[in-house]
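Here are the chains, one letter per residue:
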Amino acid sequence: MGKSLDYLDELESEAIYILREVAGQFERPALLFSGGKDSICLVHLALKAFRPGKFPFPLVHIDTGHNFPETLIFRDYLVKNINEQLIVRNVADTIQKKQLLDAKGKFPTRNALQTFTLLDMIEEFEFDACIGGARRDEEKARAKERVFSVRDEFGQWDPKKQRPELWNIYNGKINKGENVRVFPISNWTELDVWNYIKREKIELPSIYFAHERECIVTVSGQLMNTNEFVTRDEKDVVVNKMVRYRTVGDMTCTSAIESTATTVDAIINELLETNISERGATRMDDRISEAAMEDRKKSGYF
Amino acid sequence: MNLLRFFTAGNVDDGKSTLIGRLLFDSQAISTDIIETLTRQSKSKTGNTEIDLALLTDGLRAEREQGITIDVAYKYFTTAKRKFIIADTPGHSQYTRNMFTGASNSDLAIILIDARHGVTEQTKRHTIISSILRIPHILVCINKMDLVNYSEEDFKKIEREYLMFAKQLDLKDIVFIPVSALEGDNVVASSQKMVWYHGKTLLDILETLEVKESVEKENARFQVQYVIRPQADNLHDYRGFAGKVLSGVYKKGQRVLVLPSAVETTIDKIEINREEVNEAGANRSVVFHLTDDVDVSRGNSIVPLEELPSNANEITATICWMDNTDYIPGQKILLQQNSFRTKAVIKEVISKLDIHSYKHIENDSSMKLNDLCKVLIKTAELVSFDSFADNRNTGAFILINENTNNTIAAGTID
C-alpha cells in the first residue's frame, strides 16, 4: 500500500463501481452484448463485480443478421462458460413485423435499423437500464455523454438536457418509460482495453487477430469482407490479404485492416505504432458526416 | 503508471481548446485521420490551412456552429510517464454547473488567463469554484504570451494580481506558467522566447505532479453498494458486502461500526476479485464479510471504531444550484451521497455567495441556476459524513428533484 493504484486497476475499479451502482439502483437492468471486445470486457468486469453471485442482469444481443459467424460462435461459447442468461432479438423480425425497408446498396448496413429492435426489446422486457461498452475516446459526441445517460421514452439522447454528473455519485432515478444507458468503461481508450485484455488474459473472437481473408477494396481504399450480403460486381477489386478487425460490427459496414498481428502483444505494438483512430479505420457508418454519431444517438442509438 | 485527472477552465477566447489541442497534438495523441478531418474543417471555417486546434474538443454540432463549448468533454492521452483524463469545461458563466461537474473528479485545475486581459471576473469564478471543490493543485496558465511580446513584466503583474485575489481563498498549491498555446511555447517544449522563465513546461508538471497518496492517509471510509448473496447450495452462508474503499485502508480483523445502525462488528474477510487479501486501500472495489450476522444494506457505511464520521440528520453545506428551474422553498428533494439516498428538505438558505465581490449575502432565500449558496439541509434518515475539507468522498452529495428526477444541486459539507 502507500503508492497509488496502477491506472488499469483504477479504471477496473471504477467500472466495477459503476456496474454495482446499476445493480443497486435499477429493477430490470440488462447488459447489451455485441460480441465485440468492449462488451466482452464488460462481461469480465461483471464477473469481478458480482461473483460468486449471479449477474443481476441478462446479456442481450441485437442480432442484425449480418454478424460475423465467428462473433456468434464466440457469443454462445462465452455464455455457456459463464452460465448466465442470454436474450437475442433479431433485426430481421423487426423488419418483418414493422414492415420496415431493409437496408439497400452495395454494402447494406442495418446499423440504423437495429435501433428499432433495441427500443422494442427495451419495451418488451421493461428494461430500465442498459449497460453498454461505449467509450468516450471513440468519437466526439460520445466524449460528451455521461456515464449514466438518461433516455426518454423514445430512447433519445438530448445533449442539452444531460444531468450533471459529479464525483462518484450516479443519479439513476427515472420516470416510468424512460431508461438509462450506462457506460462503465467510458474512461477507457482502445489501448487501455487491449492492455486490460492482455493483463486479464481475456479470450476474444478470432477475427480480432490477423488471418487471411478475401476482401473487396472499396473506392476509398477500405477492405470489405466478401459475403452473401454484399453485392458483387465486375468492377470490384478483390484481394486476398492478411487482415484483422479493430472493431466488430456488421459484416456490411465494418472494414478490416491489413495486419500480421496474431497475438495480443502484437496488436498492442501495432496500436502504438499506428496513427489512425479506431472508428476512422474501420467504420463506414461514421464517415457520412461530422455529426453522424451525434445524430444516431439523438434518435435512440446506442 | 498511474492516472491524473485534471480539468481546464477558461473560455474559447482564452485559448483553452487551443491549449488542449496543443497538448494532444504535441504529445502525439491525435491520429492522422482526425488531423485530416480537422484540416478539412479548419479550411472550410477559416480558409486557413493551419489546423484550428480548438476544433478537436468541440464535439457537438451546436458547439462547432457557435464556436463555443457547451458541455464537459472528456479527452484522453497517455505519455510514457502517465495516463491523463482531461475534463474540458466551458467557461461562460451560464455553464458554471458544467464546470462544477468536470472539476468534481479532478486532482488539478488548469486556469487560463489571457495575458492581454489579466485576471477577469471569469478567472475569479473559476478559482472560487476550484477552492469550493478543494482541487488540490492549481496551475495558472498565462496564455497568449506571444501577443504581449513574451514580456516577463506582464507575466509577473498578472501573477501578483492573481495571488492578491487568491489569498482570501483556501488554496494550497498554485503554480504559474507563461505559455503560448497557439505557438506551443512552454506547453510541451520549453520556450526559446521566454528564457527568463526557469520553471517546468506544462506537460512536465502534469507528468511529475504527486497526487492521490494522501487519500490512503485519510480516515477509512466504505459504503455498501450491493449485497452479494449467491443462490447456490454450497454458498448458502455467503453474504458479501460489495463496494469501493472510498478513502483510507481497511484491514482484515479490524473492529468496525455499521452506520447508521451503530452496530459493532469485525471485518472477517476482504475479497478483491474473489481473492482474499489482508488489507485494501482507497479506490479498490472490494467485498467485505463481517463476523456477525448484522443487518447491513445498500447505502450503509462500515467505518473503523477509532475513526468515526459524523452521523446526523442536519447538515450545513455549500451547494451549487444546477437546475434550470429555481428553488422553491420547502421543495421535497432527495439527497444522494455515493450510494446512500434519503429524503431531504432545505431548511434554510443561510447566505448566497456573490461571485464578483466574494461576499456572502444574507437574507436572500432564492436560488437559481449557477447560484452558490450556504444552506442547512434536514434529512429523513441519518447521514454519516465527514466535512468536505477532510474527505472529498464522504463530504460530497447531490440533490435530486423528487418529481423530475433531475440532479438539481451539488454540495460540499462544511
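Predicted model, so just to flag it, every value in this text is computed and none were measured.

**Quick notes on the overall build of chain A**
- For chain A, the helix and strand inventory stands at nine helices and 10 strands.
- Burial statistics for chain A: of 302 residues in total, 64% are counted as buried.
- Carbon and sulfur atoms make up 51% of the accessible area of chain A, which amounts to about 11,800 Å² in all.

**Some remarks on the overall build of chain B**
- From N to C terminus, chain B includes eight helices and 22 strands.
- Buried positions account for 61% of the 414 residues belonging to chain B.
- Just so you have it, chain B exposes about 16,600 Å², and 46% of that area is on carbon and sulfur atoms.

**Overview of the pattern of salt bridges**
Residues and elements named next belong to chain A.
- Tallying each qualifying case throughout the model produces 39 salt bridges over all chains.
- With a closest N to O distance of 2.7 Å, R89 and E124 form a salt bridge. Placement of R89 in strand β3 (residues 86-90) and of E124 in helix α5 (residues 114-125) is noted, with a sequence separation of 35 residues between them.
- The exposure class of R89 is partly exposed, given its relative accessible area of 27%.

**Some words on the environment of V140 of chain B**
Residue and element names in this part refer to chain B.
- Mapping V140 onto the fold places it in strand β5 (residues 137-143).
- With relative accessibility at 0%, the residue V140 sits in the buried group.
- Residues V140 and I113, spaced 27 residues apart in sequence, show a C-alpha to C-alpha distance of 7.3 Å.
- Ignoring anything within four residues of it in the chain, the contact list for V140 reads I111, I113, Y162, I174, V175, F176 and I177.

**What about the confidence of the model for chain B?**
- When pLDDT is averaged along chain B, the result is 88; 87% of the residues meet or exceed 70.
- For this predicted complex, the interface score ipTM comes out at 0.90, while the overall pTM is 0.90.

**Digging into the domain arrangement of chain B**
Residue and element names in this part refer to chain B.
- In terms of domains, chain B is made up of domain 1 (2-211), domain 2 (216-304) and domain 3 (310-413).
- Contacts between domain 1 and domain 3 engage 20 residues on the former and 16 residues on the latter.
- A buried area of about 1,600 Å², summed over both sides, lies between domain 1 and domain 3, and 62% of it is on carbon and sulfur atoms.
- Per-residue buried area on domain 1 facing domain 3 is highest for R97, F100 and I132; these three make up 35% of the total on that side.
- Counting every contact that joins domain 1 to domain 3 gives one salt bridge.
- Taking the shortest distance from any N to any O, the salt bridge between R392 and D107 comes out at 3.6 Å.
- The tally of links from domain 1 across to domain 3 stands at three residue pairs in polar contact (both at pLDDT 80 or more).

**As for the pairing of strand β20 (residues 372-385) of chain B**
Residue and element names in this part refer to chain B.
- The pairing of strand β16 (residues 310-321) with β20 spans 10 bridges and is antiparallel. The partner of T318 across the bridge, within β20, is K374.
- As defined by bridge partners, strand β18 (residues 340-354) adjoins β20 across seven bridges and the pair is classed as antiparallel. Pairing of K352 across the sheet is with C373, part of β20.

**Some details on the nonpolar core**
- In this structure, F6, F100 and L202 of chain B are the most contacted members of the largest nonpolar core, which totals 141 residues.
- For this core, the leading source of residues is helix α1 (residues 7-25) of chain A, giving 10 residues.
- Of all hydrophobic cores here, the second largest spans 22 residues; its members include A317, I346, V383 and A409 of chain B.

**Brief notes about the domain arrangement of chain A**
All names here are of chain A.
- Each assigned domain of chain A is listed here: domain 1 (7-191 + 291-298) and domain 2 (204-282).
- With 27 residues of domain 1 in contact, the opposing surface of domain 2 contributes 29 residues.
- Between domain 1 and domain 2, roughly 2,400 Å² of surface is buried when both sides are summed, and carbon and sulfur atoms account for 59% of that area.
- Notably, a salt bridge pairs R246 with E190, separated by 2.7 Å at the nearest N-O pair.
- There are four residue pairs in polar contact (both at pLDDT 80 or more) connecting domain 1 and domain 2.
- Counting residues per element, the side of domain 1 that touches domain 2 draws most heavily on helix α3 (residues 69-82), at four residues.
- Each residue belonging to the side of domain 1 that touches domain 2 can be placed in one class, and the counts come to eight nonpolar, 10 polar and nine charged.

**Considering the environment of G21 of chain B**
Residue and element names in this part refer to chain B.
- One can find G21 in helix α1 (residues 16-26).
- The exposure class of G21 is buried, given its relative accessible area of 0%.
- Sequence separation between G21 and K75 is 54 residues; the distance between their C-alpha atoms is 10.0 Å.

**Section: the state of the cysteines**
- Inspection of the entire model under this criterion finds zero disulfides over all chains.
- Considering cysteine sulfurs only, C373 of chain B is the nearest to C320 of chain B, which forms no disulfide, with 9.0 Å between them.

**Regarding the environment of D326 of chain B**
Residues and elements named next belong to chain B.
- Counting through the fold element by element, D326 comes out in the loop between β16 and β17 (332-337).
- Under the relative-accessibility criterion, D326 is labelled partly exposed at 42%.
- Linking D326 and M367, residues 41 residues apart in sequence, is a C-alpha distance of 5.8 Å.
- If we ignore the near neighbours within four places in the chain, the residues touching D326 are W321, M367 and K368.

**Topic: the packing of aromatic side chains**
- Evaluation of the coordinates by the stated rule reveals 20 aromatic pairs over all chains.
- Pairwise contacts between aromatic rings join Y17, F26, F148 and Y170 of chain A into one cluster.
- The ring of Y74 of chain B carries the charged tip of R136 of chain A above its face, separated from the ring centre by 3.9 Å.
- Note that K244 of chain B overlies the ring of Y17 of chain A, its terminal NZ or CZ placed 4.9 Å from the centroid.

**Regarding the side chain of K37 of chain A**
All names here are of chain A.
- As for its position among the elements, K37 is in helix α2 (residues 37-50).
- Here K37 falls in the buried class, since its relative accessible area comes to 1%.
- For K37, the side chain forms a polar contact with the main-chain oxygen of R246, separated by 3.4 Å.

Each value, and the rule that gives it
Residues numbered from 1 in each chain as written. Chains lettered and ligands numbered in written order. Predicted model: local features only at pLDDT ≥ 70, side-chain atom pairs only at ≥ 80, totals over all residues. Heavy atoms only, no water. Helix = DSSP H or I, 4+ residues; strand = E, 2+ residues; numbered from the N terminus. Buried < 20%, exposed > 50% of the residue type's maximum accessible area, 1.4 Å probe, protein only. Areas by Shrake-Rupley, 256 points an atom, 1.4 Å probe, with all protein chains shown as cover. Salt bridge = Lys/Arg side-chain N within 4 Å of Asp/Glu carboxyl O. Contact = heavy atoms within 4.5 Å. pLDDT = per-residue confidence, 0-100. Domains from an automatic or database assignment. Buried area = accessible area lost by both parts, 1.4 Å probe. Polar contact = N/O pair within 3.5 Å; in protein donor to acceptor, adjacent residues only side chain to side chain. Pairing = 2+ DSSP bridges. Core = buried A, V, L, I, M, F, W, Y, C linked by side-chain atoms within 4.5 Å. Nonpolar A, V, L, I, M, F, W, Y, C, P; charged D, E, K, R; others polar. Disulfide = S-S within 2.5 Å. Phe/Tyr/Trp six-rings, centres within 6.5 Å; stacked < 30°, edge-to-face > 60°. Lys NZ or Arg CZ within 6 Å of the ring centre and 35° of its normal.

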